[in-house]
Amino acid sequence: MSDRVSETVTMPMRFGSNSGQSVTRRDGIAKVTGRATYAADNHPDGMLYAVYVPATIARGRVTHLDTAAAKAHPGVVEVFTPKNRPPVVGDPDKKPFMFAIPIEVLQDDTVRYAMQPIALVIGETLEAATEGARLLKPQYEVEPARTGFDAEPAKRAAAGPFGRPAEVVHGDTEAGLSQAKQTLDVTYDTPAQYHNAMEPHAIVAKWDGDKLEIDTPNQAIVLSRGFYAFYFGIPADNILIRSPYLGGGFGSKAVPYSPLVLAIAAARKLDRPVKLVLTRAQMFGPVGHRGATRQRLRIGIDGEAQMTALDHVSTAIVDSFDSSFPEPAANASQGLYNASSLHSLMMVVHNDIGVPGAMRAPGEASGSAALECAIDEMAEKAGMDPLEFRLKNYADVEPGTGKPYSSKALRECYAEGAKRFGWAGRPLAPRQMVDDKGFLTGWGMGTALFGAPMFAAQARAVLRPDGTGLVETAAADMGQGAWTALAQIAADSLGLPLDKVEFRSGSSDLPDGGVAGGSGHTATAGGALHAAGTDAIRRLGELAAADPQSPLFGTGNQGFVARDGRLYAARDESRSEAYADIIARAGGQEIEGKGSAARPPEDAARHAMYSHGAVFAEVKIDPVLFQMRVTRLVGAFAAGRIINPKLAESQLMGGMIWGISFALHEEARFDKRTGRIMNTDLAGYHIPVNADVQGLEVITVHEDDPYVNPLGIKGVGEIGVTGTVGAIGNAIWHATGRRIRHFPIRIEDLLA
Amino acid sequence: MQQIRFVLNDETVVIDSISPTTTLLDWLRETKRLTGTKEGCGEGDCGACTVLVGKVVDDRLVYRSVNACIRFVPSLSATHVVTIEHMAGPDGVLTPIQQALADLHGSQCGFCTPGIVMSLYALLMEKPTPSRAEIEIALQGNLCRCTGYESIFRAVEAAAAGMASATPDRLTLTRERIIATLNDLKPKRTIRIFHGQSRSIIPFNTADLADAYATEPNAVIVAGATDVGLWVTKQMRQLSPVIFINHLTELQTIDETADKVRLGAVVTYTQAQNVLAKNFPALGKLLIRIGGQQVRNMGTIGGNVANGSPIGDTPPALIALDATVTLRSRNGARSLAVEDYFIEYGKQAREDGEFVEALEIPKLADDEFYAIYKISKRRDEDISALCGAFKLKLDAAGNVASIRIAFGGMAGTPKRAAHTEAFLTGKPWNEATVSAARAELAKDYTPLSDWRASADYRMLAAQNLLTRLLIETSGEKASLERYAMLEAGE
Ligand SMILES: Cc1cc2nc3c(=O)[nH]c(=O)nc-3n(C[C@@H](O)[C@@H](O)[C@H](O)COP(=O)(O)OP(=O)(O)OC[C@H]3O[C@@H](n4cnc5c(N)ncnc54)[C@H](O)[C@@H]3O)c2cc1C
Ligand code: FES
Ligand code: FES
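Residue positions are given per chain, counted from 1 along the sequence in the order it is written. Here chains are named by letter from A upward and ligands by number from 1 upward, in the order in which they appear as written. Restriction of local features to residues with pLDDT of at least 70 applies here, the model being predicted, together with a cutoff of 80 or more for giving and counting side-chain atom pairs; totals for whole chains, interfaces and linings are based on all residues.

Each helix corresponds to a stretch of at least 4 residues labelled H or I by DSSP, and each strand to a stretch of at least 2 residues labelled E; elements are numbered beginning at the N terminus. Within chain B, the regular secondary structure consists of 19 helices and 20 strands. Taking the principal axes of its C-alpha atoms as reference, chain B extends roughly 70 × 55 × 45 Å. Counting across all 490 residues of chain B, residues that qualify as buried make up 53%. Long-range contacts, defined as pairs at least 24 residues apart, comprise 67% of the intrachain contacts of chain B with a sequence gap of at least 6. To assign burial, the other C-beta atoms lying within 10 Å of each residue's own C-beta are counted, with C-beta atoms placed from the backbone; 20 or more indicates buried, 12 or fewer indicates exposed, and intermediate counts indicate partly exposed. For the purpose of contact definition, each residue receives a C-beta atom placed from its backbone, and two residues are in contact when these atoms lie within 7 Å.

Structure, rendered in structure tokens:
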């Protein structure tokens, strides 16, 4: 099956002609020729190699390291342990900023989780450093590791991540449940998952006095300077972070992690550049992960199948020393279904693991997995088609708060998706469909939902005397295509074709592009670029309008249209002039515009802002061996204005494939005895391979959003994961009649 | 001359001293500063490190994709190593696959891209108009976490369409010259390379191998390094001396006679594919589910048997076929059943100084049915939870005339199901017999639980495989088609 038609309903242009086009990626050639340089590809003169020694226990103390043996190895330059740790000024056990986490930089001999750095070996060559690390042969005083949900009784979380409350109450769900005609009470488990971007975390650090240059993949370049400034007691302006290409991030490359800080500290101490690259196994510990959850969902419906209560309590496994990131799964229930009472609560269980963090669709991915399956179970109880049940409980205003949505084309997503998939006529009961080959066949669906946040960003736009443009913002391209989509926005704002605009990005000496996260980067950095470009055009217009020799003289009060390097009077397009000519007469100086973007709090208060979607899945299952395949997956999404349909499609498809992975593959398996993860490699930690992906279709549904931000952009990076997991789980039930209430779903769940 | 000599892109490299376990990837990135080739795992799983290695075989220059992260530099003698930096022409003209990947967004974050370019270039070099299945097979060993698989497919299709009209690329233009150079670089005697305390031995021929191994029975033999590579990169083991054997032409032979197929010890999965698929279709299908293309281009069936692993996929397949293994030492050769080669977990019937020389596989009779089922979590590029192989012959009355059953992953070694075989023999091949035989399997095996699968699941799945064998041999059309689809991954 290889039906992969994809359709994008393009937006009517509100401005320039670059946005809305499937422009080819600007970084494509660099990437296919191997010339795109990632952090680990840098090699300054005199560089040393650092290898960190990971703890092989999950909890306890390091009692011995054979530093003598390691130091004696030829080529080993230094062995750092708690006894001679390289200085870090800021307190590593503190949490300097909201997003940052406590780190382990050899401040003492305790082990808080497996894979934590317990020593750092520096060598003239990678081979020497690796061998030195092996020779250290750590010994420990081991304490029993706390692993899994039963490690201790669950406690109420102090707060949710990103400063959100741990509990949200709208109405009385207990009352709603007791008044309900039918109720559901189910518990779903989701596993710990590790980002595993293809590019492992890496850093090359170089000091010059108290000035620091680092090459490291980073999703929040300017923000991160502040973190490193804190750790090394220098002004943020002394730090230059270069991150032109990230080999994937998915949320794991926004804050400074222990090994990276250690490498910088070592470089300072030894006064030589140092490179450190994590091994794949080291990606399972100090660099964040999606925390495991156990979610209890209780739903009540009245005689009309209208929800009287939606109660979602999510218990997340967190680390034992920071605990600030309980996977916010219960959030998923807040903005979607029109229940007359709503309650969501986050609980935590402490384990001896590294600090969890945001991973593609944090909260919503795990939460939507459980919610969408529970909704399916409720629909089953009500004897209703799951789509009909969802429409019955469709929210026209945000449930609980009553806020209007800034835009919500979810009905259209349901309709388009169902039509393309061929949902009509699906039998209600499970185990009804067997295809002509004898495969048990099932169809399931899920609703996709993700917030449409904005952060803060700045940008600069310059019109050069030759009429070309230069725009700058320290954005991050993790693969989503910022190099291209942001340039498209900037080119439109400057009224120039794309190839006349130079875009500088990926370096911290540029204006702050904000965080590439929360699916808000295009909106935020794009918004700042748009504002900067508009500002530059405004200045250009002022020059022209004030210049008696310009055809535009005196037209200032009617405003201008900027197109293809010419400025036109807004109400009389017969009057126009090329940028270069305006600038030349004005003295040939470049014209600089500045811009910033952030969502005014009053806008945020007035509307509920989300991207929406509907995902439909077909699975086929062998009746004897229960091997499962997702044979079709159709996602219809409404996500505001689409800047580059090709890029958006890649992001949405990528998200849906992550959904397949969540449903069927990905999970860290912990050894209960040792607290260690058993599958710390890509042979055991399964991410989807090409053969897992078939019959995938993405539809983007037209959506004009006048409130979300001036450009009407919502974001597509994460929403694809949501909805998909539940759709697959529900399809497996529909094929087999088995409700498997944990992810990933394995063959053995169906076989037993 | 005690040197390793090979061609890297367009430069002849001469190395006097290097550790036997320096990987090609580290050497490229850190010594040669060719950083286009990426490291994503260091274990052969992700393909970010894919490069091409060209060798002269029967006067032809054959390039194969390999994982540079587990390929040791001393194994490269007289080869042509090609990296991503060498793909575009000196004038910057891209190969069709590079152009198509760029045009069609086959690259997102781009970290997997150089490896994907190399894998697909190798595919198109061999098959200019590949089918979808062939593209999938070529990409099994390349992971993309940005999951741009769909766009990558479109790119291959576009590149294939443009192949005929494309101007010849660098590797095509330099073929003759490279063949001459490589012939020139071929060592004329055994080479020993010293590096600090460690040593590499690159024997000139099998006789030299036998001598070297007799003198140093503790040496580590390296064929394709798809197991040994991981001992180094994952377990950080220090190995010395190391004897490299994958270049030995005497061990590369494939002989097919009327009644058997003989494979030299260093025949790779890729090289064995055709002859095995022709004679034992089930084995041919199994091979394309071992590792990814790069692993199959390096890994050998000899190594899969020699390593003694309880979860190797080919041993049960070979045991069910009653294959034999030939062991050679300086004192001569002997053959034994593959089944007898595995004594217990971690122990094989290989004496000091003996190496695997060849495998001999008797052909199937017309009335013998042969099936292999590999059960793994992920369909592609995954180690088996269990793997079962069956050779069945029915008599005219529909009774079991003979059956050989072997499983991997069910015991400390690949092992035959003696009880089950005895139980089934002579009985009617039907549902009643098969369901009674399930209990026999429980007498044959007490599988272990590990994170890949629980003991119960292994047993249940093994029992269900018997059912599947019955369904398949009873020839119900829908079931046959279904299984064909499962195998093909459709
Ligand atoms: C990513 C990846 C995926 C894989 N997937 C699978 C899979 O799905 N199924 C599977 O079965 N295997 C799998 N493997 C392992 C498989 O590739 C190996 O078992 C391979 O067959 C070993 O052959 P080699 O030539 O690479 O052996 P090497 O690694 O060179 O050697 C393996 C062992 O055999 C010894 N040896 C090799 N040749 C000889 C000889 N002629 N005489 C004596 N001793 C010898 C070596 O000393 C060593 O102990 C995978 C490996 C990787 C890296
Ligand atoms: S680096 Fe992953 S296969 Fe080599
Ligand atoms: S493009 Fe990012 S891993 Fe493939």
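This paragraph deals with the domain arrangement of chain B. Residue and element names in this part refer to chain B. The source of the domain bounds is an automatic or database domain assignment. As assigned here, chain B comprises domain 1 (4–86 + 173–244), domain 2 (96–166) and domain 3 (252–488). The interface of domain 2 with domain 3 comprises 7 residues on the first partner and 9 residues on the second. No other element matches helix α4 (residues 132–139), which puts 3 residues into the side of domain 2 that touches domain 3. A class-by-class count of the residues in the side of domain 2 that touches domain 3 yields 3 nonpolar, 4 polar and no charged. Note that Gly is not counted as nonpolar here; it falls among the polar residues with everything else outside the nonpolar set of Ala, Val, Leu, Ile, Met, Phe, Trp, Tyr, Cys and Pro and the charged set of Asp, Glu, Lys and Arg.

Further remarks concern helix α7 (residues 175–185) of chain B. Residue and element names in this part refer to chain B. Every buried residue of α7 is listed here: Ile 178, Leu 182 and Leu 185. On an axial view of α7, the arc spanned by its buried residues comes to 60 degrees, and they lie on one face. What points out from α7, more than 90 degrees from its buried face, is the exposed set Glu 176, Arg 177, Ala 180, Asn 183 and Asp 184. Considering only its buried residues, α7 is in contact with β1 (4–8), β3 (50–57), β4 (60–67) and β5 (80–82). In this description, the arc belongs to the directions extending from the helix axis to the C-beta atoms.

On to the site of ligand 1, then. Using a C-beta atom placed from the backbone, a residue is described as near a molecule or strand when that atom lies within 6 Å of it. If you check the shell around ligand 1, you find 29 residues, and the closest are Gly 44, Ala 223, Gly 224, Gly 303 and Asn 304 of chain B. Looking at the shell around ligand 1, you find at least three residues from each of domain 1 (4–86 + 173–244) and domain 3 (252–488) of chain B.

A few words on the packing of helix α3 (residues 113–126) of chain B against helix α5 (residues 149–163) of chain B. Residues and elements named next belong to chain B. Where α3 meets α5, the axes come as close as 11 Å, and the angle between the chain directions of the two elements is 40 degrees. By the angle between their axes, α3 is oblique relative to α5. Here the hand of the crossing between α3 and α5 comes out right-handed. On the side of α3, the interface is formed by Ile 116, Leu 120 and Leu 124, while α5 contributes Ile 152, Val 156, Ala 159, Ala 160 and Met 163. Its residues assigned to classes, the contact of α3 with α5 comprises 8 nonpolar, no polar and no charged. Here the axes come from fitting lines to C-alpha atoms, over the contacting stretch only for helices, and the angles between their N-to-C directions go from 0 to 180 degrees. Angular relationships are summarised with four words: roughly parallel below 35 degrees, roughly antiparallel beyond 145, roughly perpendicular across 65 to 115, and oblique for the angles in between. Note: crossing handedness is left-handed where the near helix turns anticlockwise from the far helix by less than a right angle, and right-handed where it turns clockwise.

Here, any two strands with at least 2 DSSP bridges between them count as paired. The strand order across the open sheet built from 3 strands is β5-β3-β7 (chain A), with neighbouring strands paired in antiparallel fashion. Bordering the open sheet on either side are β5 (110–111) and β7 (139–142) of chain A, each of which pairs with just one other strand.

To continue, consider the interface of chain B and chain A. Between chain B and chain A, the contact holds 70 residues from the first and 64 residues from the second. Sorting the residues of the side of chain B that touches chain A by element identifies α1 (24–31), α2 (96–103), α3, α4, α5, α18 (455–474) and α19 (477–488) of chain B as the ones contributing at least two each. Among the elements that take part in the side of chain B that touches chain A, α18 of chain B stands out by supplying 7 residues, more than any other. Looking at the side of chain B that touches chain A, its residues break down into 29 nonpolar, 21 polar and 20 charged.

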